[in-house]
Amino acid sequence: MATGRTHRPATRSRGIPEATVARLPLYLRALTGLSERSVPTVSSEELAAAAGVNSAKLRKDFSYLGSYGTRGVGYDVEYLVYQISRELGLTQDWPVVIVGIGNLGAALANYGGFASRGFRVAALIDADPAMAGKPVAGMPVQHTDELERIIDENDVSIGVIATPAGAAQQVCDRLVAAGVTSILNFAPTVLTVPDGVDVRKVDLSIELQILAFHEQRKAGEEAAARAAAVPAAATRDESADQGPDGDVPAVMPA
């Protein structure tokens, strides 16, 4: 099986837009679920709903792959799984190193989805000498002194940074100097890399802050709706107390 250092995905050379590339994993996840349930075909509407996009956008995205489906039948699930996996480079073996084996790094090392999606964790690396040799997810942690050797011997082109923010840039620089050209950054900092190196940043705190914004907005809208409902109710109550002419309260005879 080919390694990540010698084979790279063809998406850029084929002119597939970055926005489409970003949605391909969503389609693949939905298709994998259908495949596991032995569903043979799926319509664009059904697949778009499962992936969380609209069907017109899905059909446009698939046109870049040369896949248009069959009218009245839909898309062949197994073929699309293969086609998208190939386009993303997931039919190859991609050795990955994880640097920073704290709580987050250890959780990533224990994640079982890497192997099934074309990624092989080649090494776990940490700067703490006390961590050296300690088994995590069945692999011994290695010291950062071995970083360059590990990358070279395993033909690593993808690095995962799960270090504290203060150490992330130095680790990034060493990864790049050793030949790593793609980095997944979990450290809460922005990395500076040269041209030709791709960085994807995952910041859980930012995602939570965005959710907090939406929760605050929803709470504000609900409060405004309640406030708007109060005067209307008060007006109805006042009109109920008025007499037949609307100005003088009705007085029942004794």
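Residues numbered from 1 in each chain as written. Predicted model: local features only at pLDDT ≥ 70, side-chain atom pairs only at ≥ 80, totals over all residues. Heavy atoms only, no water.

## Focus on the side chain of Asp203
With respect to the helices and strands, Asp203 occurs in the loop between β9 (198-201) and α9 (204-241). In terms of polar contacts, Asp203 uses its side chain to reach the side chain of Ser205, at 2.5 Å. Of the polar contacts made by the side chain of Asp203, one reaches the backbone nitrogen of Ile206; its length is 3.2 Å. (Helix = DSSP H or I, 4+ residues; strand = E, 2+ residues; numbered from the N terminus. Polar contact = N/O pair within 3.5 Å; in protein donor to acceptor, adjacent residues only side chain to side chain.)

## Concerning the packing of helix α2 (residues 44-51) against helix α3 (residues 55-64)
Orientation of α2 relative to α3, taken along the N-to-C sense of each, is 100°, at an axis distance of 8 Å. Here α3 runs roughly perpendicular to α2, going by the angle between their axes. The segment α2 lies against α3, with Ser44, Glu45, Leu47 and Ala48 engaging Ser55, Leu58, Arg59 and Phe62. (Axes fitted to C-alpha atoms, helices over the stretch in contact; angles between N-to-C directions. Parallel < 35°, antiparallel > 145°, perpendicular 65-115°, else oblique. Contact = heavy atoms within 4.5 Å.)

## Details of the side chain of Thr163
In this structure, Thr163 sits in the loop between β7 (158-161) and α8 (165-177). Residues within four places of Thr163 in sequence aside, it is in contact with Val99, Gly100, Ala168, Val171 and Ala187.

## Here we look at unusual backbone geometry
The phi dihedral of Ser38 falls on the positive side, at around 60°, and the residue is not glycine. Looking at the secondary structure, you find Ser38 in the loop between α1 (18-36) and β1 (41-42). Not every positive phi belongs to a glycine, and Asp155 is a case in point at roughly 50°. Looking at the secondary structure, you find Asp155 in the loop between α7 (147-154) and β7.

## Concerning the sheet that holds strand β8 (residues 182-185)
In space, the seven strands of this open sheet follow the order β5-β6-β4-β3-β7-β8-β9, with mixed pairing throughout. Bordering the open sheet on either side are β5 (135-136) and β9, each of which pairs with just one other strand. Where strand β3 (residues 94-99) lies against strand β4 (residues 119-126), six bridges are found, and the strand directions are parallel. Its bridge partner being in β4, Val97 is matched across the sheet by Ala123. Contacting β3, β4 and β6 (139-143), α7 runs over the sheet at an angle of about 165° to β4. Strand contacts of α8: β3, β7 and β8, with the helix running at about 170° to β7, the strand carrying the most contacts. (Pairing = 2+ DSSP bridges.)

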